[in-house]
Amino acid sequence: MTKTKDRGAVALPLNTIIDGDCIEVMRSLPEASVDLIFADPPYNLQLRGDLHRPDNSLVDAVDDAWDQFSSFEAYDRFTRDWLSAAKRLLKPNGAIWVIGSYHNVFRMGAELQNQGFWILNDVVWRKSNPMPNFRGKRLTNAHETLIWASRDEGAKYTFNYEALKALNEGIQMRSDWVLPICTGHERLKDDAGDKAHPTQKPESLLHRVILGTTNAGDVVLDPFFGTGTTGAVAKMLGREYIGIEREEAYRKVAKKRIENVRKFDSDSIAVSTSKRAEPRVAFGVLVERGMLRPGEMLVSPRGKTAKVRADGTLIGDDVKGSIHQVGAHLEGAPSCNGWTYWHFKRDGKQVPIDLLRQQVRAEMREN
């Protein structure tokens, strides 16, 4: 599947894994074409020799060539170049997530600010099952840090606040996330039975990022695709993905993995939204459409009544005005949510007028 901005424009290669250097590939893609970038770059761990457990067994640490840089200066140049290419790709309301450890996250954070990204949050991913510090010379490294930033200061960006709140049992989502590292059945293996990738991220982490900061149909790009966690979760949640990965072994595993992923149906990927984000419906619309008639009586939970008028106002006792103003006056309160306060009668039952508003909103979404 591809998208083009106009006739003759370079196609956006959706739902594909591109072989190549991430900087060169990103520079070749259409400008301002991506909604979200999730980047899990090399951490530049600066390992010095092998790492052993107390029983002298070898730890399968990250010693791959892609994580090795000759100096901090070389790593900083690499970070500057890929972040610059990433920023060019983001839409004006786009955003980026980067993840790292103490080895590199501070350097990435500084470069994000140098390039004009606007940091929205840093998130501490606290690992519920971290690898212990075998040498006993440092604290157990039990967390990684994510930085979430919009493309520019003052830019609009997607944040599904209510969805993340619902995911957290109705409590506002905090910036410290307790999630396990990738183990067990989720850990992908190569043909030899070894870990397919040393730093495979758990799907739970990407689920939270993508659900919270994109909408269905958005394009999510991962320039360090690895074994494809970003693509797998994006596909499940009804987003488009683009992966860039230069290592053939990782591409092979990611392709097979994503082919076996089933996209959830549209009802399943719909997320909770703030009432402020819903289309605005005036009470008068209900009167215009005949859903409520002029002269019809509305009633409150405590038996207060008011009459609907043709202009979408109410009149009750010695007061007239909006559904909110009349309700507040009758209750002697400073304010009132008229949509939940007022009810109408249908088939002998009292029904909140908000039900009619929701019917109108549903029609607006369909259109």
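Residues numbered from 1 in each chain as written. Predicted model: local features only at pLDDT ≥ 70, side-chain atom pairs only at ≥ 80, totals over all residues. Heavy atoms only, no water.

Looking at an unreviewed UniProt entry, one finds the protein chain named Methyltransferase and attributed to Flavimaricola marinus. UniProt annotates the protein chain under Sequence similarities (unreviewed entry) with the comment "Belongs to the N(4)/N(6)-methyltransferase family." (UniProt positions renumbered as here; feature names shortened; annotations may be inferred.)

Engineer: Break down the overall build of the protein chain for me, with residues and values.
Structural biologist: Regarding its fold elements, the protein chain presents twelve helices and 16 strands. The burial tally for the protein chain puts 45% of its 367 residues in the buried class. A separation of at least 24 residues holds for 67% of the contacts in the protein chain among residues at least 6 apart in sequence. If you sum the accessible surface of the protein chain, you get close to 19900 Å²; carbon and sulfur atoms cover 48% of it. (Helix = DSSP H or I, 4+ residues; strand = E, 2+ residues; numbered from the N terminus. Buried < 20%, exposed > 50% of the residue type's maximum accessible area, 1.4 Å probe, protein only. Contact = heavy atoms within 4.5 Å. Areas by Shrake-Rupley, 256 points an atom, 1.4 Å probe, with all protein chains shown as cover.)

Engineer: Could you give an account of the nonpolar core, with specific residues and numbers?
Structural biologist: Residues Met26, Ile37, Trp82, Ile96, Val98 and Leu221 are the most contacted members of the largest nonpolar core, which totals 32 residues. The element that contributes the greatest number of residues to this core is helix 2 (residues 72-89), accounting for seven residues. Sequence-distant contacts of Trp82, that is, excluding residues within four places in its chain, are made with Cys22, Ile23, Met26, Ala39, Pro41, Ile96, Val98, Met108 and Phe224. One finds Leu36, Leu179, Leu205 and Val261 within the second-largest nonpolar core, a separate group that totals 31 residues. (Core = buried A, V, L, I, M, F, W, Y, C linked by side-chain atoms within 4.5 Å.)

Engineer: Before we move on, could you go through the pattern of salt bridges and cite the residues and values that matter?
Structural biologist: It is possible for side chains bearing opposite charge to pair when their charged atoms get close. Taken as a whole, this structure holds 16 salt bridges when the rule is applied. With a shortest N-O distance of 2.7 Å, Arg302 and Glu331 are connected by a salt bridge. Taken together, the residues Arg302 in the loop between strand 11 (297-299) and strand 12 (305-308) and Glu331 in helix 10 (residues 323-331) connect sequence positions 29 residues apart. As a salt-bridge pair, Arg357 and Asp354 come within 2.7 Å of each other at their nearest N and O atoms. (Salt bridge = Lys/Arg side-chain N within 4 Å of Asp/Glu carboxyl O.)

Engineer: Would you mind going over the side chain of Thr227 in detail, with residue names and values included?
Structural biologist: One can find Thr227 in the loop between strand 9 (219-222) and helix 6 (229-236). Setting aside anything within four residues of it in sequence, one finds Thr227 in contact with Leu188, Ala196, His197, Gln200, Tyr250, Val253, Ala254 and Arg257.

Engineer: Tell me what's going on with the packing of aromatic side chains, and back it up with residues and numbers.
Structural biologist: On inspection of all chains with the given rule, the structure shows eleven aromatic pairs. Between the aromatic rings of Trp148 and Tyr157, the centroid separation amounts to 5.5 Å while the plane-to-plane angle is 90 degrees, which identifies the pairing as edge-to-face. The class of Trp148 is buried, set by a relative accessible area of 4%. Relative to Tyr161, the ring of Phe159 has its centre 6.2 Å away and its plane inclined at 65 degrees; by these criteria the two rings are edge-to-face. Residue classification places Phe159 among the partly exposed residues on the basis of a relative accessible area of 39%. Look at Tyr161 and you get partly exposed, because its relative accessible area is 28%. Through pairs of rings, three or more aromatic residues link up here, namely Trp97, Trp148, Tyr157, Phe159, Tyr161 and Trp177. (Phe/Tyr/Trp six-rings, centres within 6.5 Å; stacked < 30°, edge-to-face > 60°.)

Engineer: Help me get a handle on the side chain of Ser101, residues and values and all.
Structural biologist: Tracing the backbone through its elements, the reader meets Ser101 in the loop between strand 5 (90-100) and helix 3 (105-114). If sequence neighbours within four positions are ignored, Ser101 has contacts with Tyr43 and Leu45.

Engineer: Which residues make up the environment of Gly284, and what values do they have?
Structural biologist: With respect to the helices and strands, Gly284 occurs in helix 9 (residues 283-288). The buried category is assigned to Gly284, whose relative accessible area is 19%. In this structure the C-alpha to C-alpha distance between Gly284 and Asp311, which are 27 residues apart in sequence, comes to 6.4 Å.

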